[in-house]
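Geometric and topological summary
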Amino acid sequence: MSPAFDSPIAELLRTQRVVVCCGAGGVGKTTVSASLAIGAARMGRRVLVVTIDPSRRLAETLGVSRNPTEPVPLPVERQRLAGIEAPGSLSAWMLDPQLVSDNVVRGFSKSPEDARKLLDNPIYKNVTAMIAGMQEYTAVEALYQFVLDDTYDLVVLDTPPSRNALRFLEAPSRAGAFLDRRVFNLFLPGEGGAIRRMAQRLLERVMDTAFGADTRKELQQFFELFGNLLGHLNHNQAEMRAFFARPDVGFLLVTSPTQEALTEARYFEGKTRDELGLNLLGYVLNRSLAWARHRPFPRDELLPADAPAVAREALEKLRRLAGTEEALVAQHTALAADLRQRAGGAGVAWILPGLPEGASEMDALLTLSNALLTKDA
Ligand SMILES: Nc1ncnc2c1ncn2[C@@H]1O[C@H](COP(=O)(O)OP(=O)(O)OP(=O)(O)O)[C@@H](O)[C@H]1O
Ligand SMILES: [Mg+2]
C-alpha cells in the first residue's frame, strides 16, 4: 500500500517543476535526488532525475546505464519494484559531465564536421575541464529543454560536489569572461581590416615560434569552433537565469550534521536565496540521529520504585552506554530546529536517518523515499 505522501517535501514534489539538490561533497545529494525522484513518481508525476557522477551501484539499482546520450526510462519491473504506477513514471539520466559538454558541442556546432573537429581538438579536451562552470552549465542547458518541451512534470537535478555547481547562474559567467569574444576574434583567420590582418600574422608568427605551427593551428581551430558555440551559450544564459528564478524552480540544500557540510550548506543558502534571489526550498539533514528523538532512552522511570538493586545497576550501565548517542540525538534535533529557522517561513527542514547498509539498493532508496514523503514514517 502507498504511504500517505503528506510531508512538506511531498507537497514540494507535487508543485515544483524543477528541484535542484546542492550541498557539500559526499553528503548524499545523489542519493537524496534519486529518493526524491522515486517518491515523486510514486505520487503519480512523470519524473526525470539527472544525476552527476552516480555510483555504478546506484545505476544498477535503478536498472539504467551510466552516460547514455539521453534519459532512460527505468525498466518496467524496476518501476514496479519501486511502487511506481501510471500516470507516474521515472526516467534517469546519469551523467558524466565531460560527456555532457561533448553533447552540447554536437548539438550546437554548425555542422557535424565542426563538432567532430572540436571534439578531436586536443585543446578542447584539455580546456573544457578548466573552464569554470562549463560542465554544470551544459547539464542545465539540457534540463532546461526538457522542461520547455513538457516531457516531464518534474525534473530533479543532482549537482556536482563543488561551489561551481551554481556558477552557471552567475552573471556574467566566468566562462564568458575567460573566453571573451574579442579575444577569440584575434585568433580567427581571415576577416578584418589590414591592421587586424597584420596583427594576426604577427601573432601567428609568434605562436609558431612559441608552440610550433601544428599547435597554433589547433589553437586557431579551437578558438574558431568554440567561439561559435560560446556565442550560443552566452545568448541562452540570461534566459536560463530567468528560468531558474521561476517560483516553480527551487533549490534544496542537502547536508550532513558535520560542521564542514553545514558551512557549505550555509554558503549555498547565501548564494541561492540572498545573492541570486532564487527560490530556496529548504534543507534535508541527511544521516541524522534526530530521527531517533522519540526512541525511549534508559531512565529511572522505566523501573518500578521497588526494583531490586541489580536492576538499578543494569539500568545505570545502559544509561552510560546510551549517553553519547542520546547527546548526539539532542544535538541533531537542535540542528534540525536551527535549519528550519534558517529555511524561513515557507521553507522546510527535513531529517533523514543514516541507513546501516549504505543507500544504493532499492530497499534503501524506498526507505529514504518514505522518510522524505511521509510525516511519521
Ligand atoms: N541516509 C543514508 N544512509 C546511508 N548511506 C547513505 C545515506 N545517504 C547517502 N549514503 C551513502 O553515502 C555515499 C555518498 O552518497 P552520495 O553519492 O549520494 O553523496 P553525494 O553528495 O552525491 O556525493 P558527491 O558529492 O561525491 O557527488 C553513498 O555510498 C551513499 O550510498
Ligand atoms: Mg553525487
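Everything below is about the structure printed above this text.
One structure accompanies this document, and this report is about it. Small disclaimer: the values here were computed from a predicted structure and weren't measured. (Residues numbered from 1 in each chain as written. Chains lettered and ligands numbered in written order. Predicted model: local features only at pLDDT ≥ 70, side-chain atom pairs only at ≥ 80, totals over all residues. Heavy atoms only, no water.)

1. Here's the deal with the packing of aromatic side chains
Note the cut-off: Two rings from Phe, Tyr or Trp (for Trp, the six-membered ring) form a pair when their centres sit within 6.5 Å of each other. Planes less than 30 degrees apart are called stacked, planes more than 60 degrees apart edge-to-face, and all others tilted. The cut-offs for exposure are 20% and 50% of the maximum accessible area for each residue type, with area from a 1.4 Å probe on protein chains only; residues under the lower value are buried, those over the upper are exposed, and the others partly exposed.
Applying the stated criterion to the full structure yields 3 aromatic pairs. Relative to Phe 244, the ring of Phe 243 has its centre 5.3 Å away and its plane inclined at 90 degrees; by these criteria the two rings are edge-to-face. When sorted by exposure, Phe 243 lands in the same class as Phe 244, which is buried. With centroids separated by 5.4 Å and ring planes inclined at 75 degrees, the aromatic side chains of Tyr 267 and Phe 268 adopt a geometry described as edge-to-face. Three or more aromatic residues joined by ring pairs make a cluster, and in this case those are Phe 243, Phe 244 and Phe 251.

2. So, the layout of surface pockets
Heads up, the condition is: The definitions used throughout rest on a 1 Å grid laid over the protein atoms alone, on which a cavity is an enclosed set of points accommodating a 1.4 Å probe that cannot get out and a pocket is an open set flanked by protein within 12 Å on both sides along at least five of seven lines; lining residues are those having an atom within 4 Å of a point. Grid points are joined across faces, edges and corners, and a volume is the space filled by probe spheres set on the points. Strands are runs of DSSP state E lasting at least two residues, helices are runs of H or I lasting at least four, and both sets are numbered from the N terminus onward. For this scheme, ten residues count as nonpolar: Ala, Val, Leu, Ile, Met, Phe, Trp, Tyr, Cys and Pro. Four count as charged, namely Asp, Glu, Lys and Arg, and the remainder, Gly too, count as polar.
By volume, the largest pocket amounts to about 420 Å³. Looking at the largest pocket, it is lined by 24 residues, and the ones nearest its centre are Gly 26, Gly 28, Lys 29, Thr 30 and Thr 31. When residues of the lining of the largest pocket are traced back to their parent elements, those giving at least two are helix 2 (29-42) and helix 15 (362-373). Residue contributions to the lining of the largest pocket peak at 3 residues, all from helix 2. Tallied by class, the residues present in the lining of the largest pocket amount to 11 nonpolar, 10 polar and 3 charged.

3. Some remarks on the pairing of strand 5 (residues 154-158)
Convention followed: Two strands qualify as a pair provided DSSP detects at least 2 bridges between them.
The element strand 5 is extensively covered by neighbouring structure, given that 5 of its 5 residues are classed as buried. Pairing of strand 1 (residues 18-22) with strand 5 involves 4 bridges; the strand directions are parallel. What sits directly across from Val 19, in strand 5, is Val 156. One ladder, built from 4 bridges, connects strand 2 (residues 46-52) with strand 5; its direction is parallel.

4. Notes on the site of ligand 1
Spelled out, the test is: Think of it this way: one heavy atom of a residue within 4 Å of a molecule or strand is enough to make that residue near it. Here a polar contact is taken to be a pair of N or O atoms separated by no more than 3.5 Å, where protein atoms must pair a possible hydrogen donor with a possible acceptor and residues adjacent in sequence count only if both atoms sit in side chains. All accessibility values rest on the Shrake-Rupley procedure with a 1.4 Å probe; residue burial counts only the protein chains present in the view.
With respect to spatial proximity, 18 residues lie near ligand 1, and among them Lys 29, Thr 30, Thr 31, Arg 287 and Leu 355 are the closest. A distance of 2.8 Å separates an oxygen atom of ligand 1 from a polar atom in the backbone of Gly 26. Here an oxygen atom of ligand 1 and a side-chain polar atom of Thr 30 are 2.7 Å apart. Protein chains bury 77% of the 630 Å² of accessible surface belonging to ligand 1 in isolation. For the shell around ligand 1, the residue count by class is 7 nonpolar, 9 polar and 2 charged.

Nothing here speaks to function; it is all geometry.
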